[in-house]
Amino acid sequence: MEFTNLIKSRHSCRKFSPQEVSQDLLNELIEQAKLAPSSRNKKPVQFYPLTDKSLLEKLSLAKNSGSDFVKNGAAAIVVACDSEKSDVWIEDGAIAMTYLHLAAENAGLGSCWVQLRNRTTSTGSDSSRYVKELLKLEEKMEVLAILSLGNKA
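### Points about the pattern of salt bridges
Part 1 of the reasoning: Under the criterion given, the structure shown has eight salt bridges.
Part 2 of the reasoning: Across the salt bridge formed by Arg129 and Glu133, the nearest N and O atoms sit 3.8 Å from each other. Of this pair, Arg129 and Glu133 both sit in helix α5 (residues 127-135), four residues apart, which is roughly one turn of that helix.
Part 3 of the reasoning: For Arg129, a relative accessible area of 32% gives the class partly exposed.
Part 4 of the reasoning: Put simply, Arg129 and Glu139 hold a salt bridge, and the shortest N to O gap is 2.6 Å. With Arg129 in helix α5 and Glu139 in the loop between α5 and β4 (141-151), this residue pair connects regions lying ten residues apart in the sequence.
Part 5 of the reasoning: Several salt bridges converge on common partners, so that one network encompasses Arg129, Lys132, Glu133 and Glu139.

### A short note on the sheet that holds strand β2 (residues 75-82)
Part 1 of the reasoning: Judged by pairing direction, the sheet is antiparallel, and its four strands sit side by side in the order β1-β2-β4-β3 without closing on themselves. This sheet does not close on itself; its edge strands, each paired only once, are β1 (45-50) and β3 (109-115). For this sheet the average axis-to-axis angle between neighbouring strands, irrespective of direction, equals 25°.
Part 2 of the reasoning: Where β1 meets β2, six bridges bridge the pair, whose relative direction is antiparallel. Looking at β2, one finds that Phe47 is bridged to Val79.
Part 3 of the reasoning: In this fold helix α2 (residues 23-33) packs onto β1, β2, β3 and β4, with an angle of close to 165° to the strand it touches most, β1.
Part 4 of the reasoning: Each of β1, β2 and β4 touches α5; the most contacted strand, β4, lies at about 80° to it.

### A short note on a nonpolar patch on the surface
Part 1 of the reasoning: A cluster of nonpolar residues, Leu35, Ile95 and Tyr99, forms a patch on the protein surface that exposes about 280 Å² of accessible area.
Part 2 of the reasoning: Looking at the secondary structure, you find Ile95 in helix α4 (residues 89-106).
Part 3 of the reasoning: Owing to a relative accessible area of 33%, Ile95 belongs among the partly exposed residues under this scheme.

### Re the nonpolar core
One recurring pattern in soluble globular proteins: nonpolar side chains tend to sit buried together.
Part 1 of the reasoning: If you look at the biggest cluster of nonpolar residues, it comprises 25 residues, and the most contacted ones within it are Leu29, Phe47, Ile77, Leu100 and Leu149.
Part 2 of the reasoning: Of all the secondary-structure elements, those providing two or more residues to this core are α2, β1, β2, α4 and β4.
Part 3 of the reasoning: When neighbours within four sequence positions are excluded, Leu29 is seen to be in contact with Leu100, Ala103, Ala104, Ala107, Leu109 and Leu149.
Part 4 of the reasoning: Membership of the second largest hydrophobic core comes to 20 residues, among which are Phe16, Leu56, Val143 and Ile146.

### Structural notes on α2
Part 1 of the reasoning: Buried residues of α2: Leu25, Leu26, Leu29, Ile30 and Ala33, and no others. Relative to the axis of α2, the buried residues are bounded by an arc of 140° and lie together on one face.

### A closer look at the environment of Ala80
Part 1 of the reasoning: Position of Ala80 among the secondary structure elements: in strand β2.
Part 2 of the reasoning: Residues Ala80 and Leu35, spaced 45 residues apart in sequence, show a C-alpha to C-alpha distance of 16 Å.
Part 3 of the reasoning: Setting aside residues up to four positions removed in sequence, Ala80 forms contacts with Pro44, Val45, Gln46, Tyr48, Leu137, Met141, Glu142, Val143 and Leu144.

### Topic: unusual backbone geometry
Leaving glycine aside, a negative phi is the common case for residues, and trans is the common case for peptide bonds.
Part 1 of the reasoning: Of note, the phi angle at Lys43 is positive, near 50°, even though the residue is not glycine.
Part 2 of the reasoning: Note on Lys43: relative accessible area 30%, which makes it partly exposed.

About the thresholds
Residues numbered from 1 in each chain as written. Predicted model: local features only at pLDDT ≥ 70, side-chain atom pairs only at ≥ 80, totals over all residues. Heavy atoms only, no water. Salt bridge = Lys/Arg side-chain N within 4 Å of Asp/Glu carboxyl O. Helix = DSSP H or I, 4+ residues; strand = E, 2+ residues; numbered from the N terminus. Buried < 20%, exposed > 50% of the residue type's maximum accessible area, 1.4 Å probe, protein only. Pairing = 2+ DSSP bridges. Axes fitted to C-alpha atoms, helices over the stretch in contact; angles between N-to-C directions. Contact = heavy atoms within 4.5 Å. Patch = residues over 30% accessible without salt bridge, like charges linked within 9 Å, V, L, I, M, F, W, Y side chains within 5 Å. Areas by Shrake-Rupley, 256 points an atom, 1.4 Å probe, with all protein chains shown as cover. Core = buried A, V, L, I, M, F, W, Y, C linked by side-chain atoms within 4.5 Å. Arc of directions from axis to C-beta.

Structure representation (structure tokens):
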């Protein structure tokens, strides 16, 4: 797809068909997102692809509102950054998320960004910490967002 048309056609998708997304395709999207630039080429961004329905259900509880649809996606990619590698991990992670969105659209998938930093769960817990603990990530990892993915309904 021509790049301008790709950008114009991409929109947030929160309704997905039940069709699965292959691990190979998820890996391909991640490889494309790894091409995103980062400050001083530090590459602090890590990607955690998930397809397990029980984990997607738990991820859908990561925010007080605006994350419920994650349980209906075929997959999710959690984007976290090593805060010890870069002091501008937020910007680096946001650029990588944008690449993920465009890669998903180019592959014909729908996607939606679930922003977690500075957000809370319905119980008032920190959203990023909730996901960090759910995935058992190292303390230095800062969870930025979840990209919910699937075939568009």
